[in-house]
Amino acid sequence: QVQLVESGGGLVQPGGSLRLSCAASGSIFSINAMGWYRQAPGKQRELVASITNTGSTNYANSVKIRFTISRDDAKNTVYLQMNSLKPEDTAVYSCYYSHYVYREGDKTYWGQGTQVTVSS
């Protein structure tokens, strides 16, 4: 089992910045992927950004350049630096951790979600 604890959400004005953190604990595998999804009211959940243990990253087109995902493997923590925030970034952001288990396939764990609200 893997537990994820998120922090860093809140209310910010348009153009502002926030940094989300997600700390993983438990049965952490060295080969894994972590990232963030978000879901706004009435919209489908979408992948915001992901990062693998090799440092390979992937971003949604809507957040490229503005958001940066990073990780600290010594702390089993992934970060999402969000700059130039827009009202349309308002959503519940959920962290995930994923690894492959032999004979069982991919296992994905989720954080509790943190609210990000961009409003003046």
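Just so it is clear, the structure is predicted and the values come from calculations on it, not from any experiment.

Definitions and cut-offs
- Residues numbered from 1 in each chain as written.
- Predicted model: local features only at pLDDT ≥ 70, side-chain atom pairs only at ≥ 80, totals over all residues.
- Heavy atoms only, no water.
- Phe/Tyr/Trp six-rings, centres within 6.5 Å; stacked < 30°, edge-to-face > 60°.
- Helix = DSSP H or I, 4+ residues; strand = E, 2+ residues; numbered from the N terminus.
- Buried < 20%, exposed > 50% of the residue type's maximum accessible area, 1.4 Å probe, protein only.
- Lys NZ or Arg CZ within 6 Å of the ring centre and 35° of its normal.
- Core = buried A, V, L, I, M, F, W, Y, C linked by side-chain atoms within 4.5 Å.
- Contact = heavy atoms within 4.5 Å.
- Salt bridge = Lys/Arg side-chain N within 4 Å of Asp/Glu carboxyl O.
- pLDDT = per-residue confidence, 0-100.
- Disulfide = S-S within 2.5 Å.

Caption draft 1: Here's a closer look at the packing of aromatic side chains. This model, assessed by the stated rule, comprises four aromatic pairs. Taking 6.4 Å as the distance between ring centres and 40° as the angle between the ring planes, the aromatic pair formed by Tyr97 and Tyr109 counts as tilted. With Tyr97 in strand β9 (residues 91-101) and Tyr109 in strand β10 (residues 105-110), this pair connects stretches of sequence that are 12 residues apart. Of the residues examined, Tyr109 reaches a relative accessible area of 16% and is grouped as buried. Within the aromatic cluster, the residues linked to one another by ring pairs are Tyr37, Tyr96 and Trp110. If you follow Arg45 out to its NZ or CZ, it ends over the ring of Tyr37, 4.8 Å from the centre.

Caption draft 2: Here's a closer look at the nonpolar core. With 29 residues, the main nonpolar core has Leu4, Trp36, Leu80, Met82 and Tyr93 as its most contacted residues. Residue assignment for this core shows that the elements contributing at least two residues are β1 (2-7), β3 (18-26), β4 (33-39), β5 (46-52), β7 (67-72), β8 (77-82), β9 and β11 (114-118). Setting aside residues no more than four positions away along its own chain, Leu4 makes contact with Cys22, Ala23, Ala24, Met34, Cys95, Tyr96, Tyr97, Tyr109, Trp110, Gly111 and Gln112.

Caption draft 3: Quick peek at the pattern of salt bridges. Enumeration according to the criterion identifies five salt bridges in this entry. Between Glu46 and Arg38 there is a salt bridge, with the nearest N and O atoms lying 2.6 Å from each other. Arg38 is the salt-bridge partner of Asp89, the closest N and O atoms lying 3.0 Å from each other. Taken together, the residues span a long stretch of sequence, with Asp89 in the loop between β8 and β9 and Arg38 in strand β4 at a distance of 51 residues. For Arg38, a relative accessible area of 7% puts it in the buried group. In this structure, a network of salt bridges that share partners links the residues Arg38, Glu46, Arg66 and Asp89.

Caption draft 4: Seen up close, the confidence of the model for the chain. The predicted model of the chain has a mean per-residue pLDDT of 95, with 100% of residues at 70 or higher. Mean pLDDT in the chain bottoms out at β10, which sits at 92, and peaks at β8, which reaches 98.

Caption draft 5: Layout of the state of the cysteines. Tallied over the entire structure, the rule returns one disulfide. Across a sulfur-sulfur distance of 2.0 Å, Cys22 and Cys95 are joined as a disulfide pair. Classification of the bridge connecting Cys22 and Cys95 rests on its S-S torsion, roughly -80°, and on that basis the disulfide is left-handed. With Cys22 in strand β3 and Cys95 in strand β9, the pair connects residues that are 73 residues apart, well separated along the chain.

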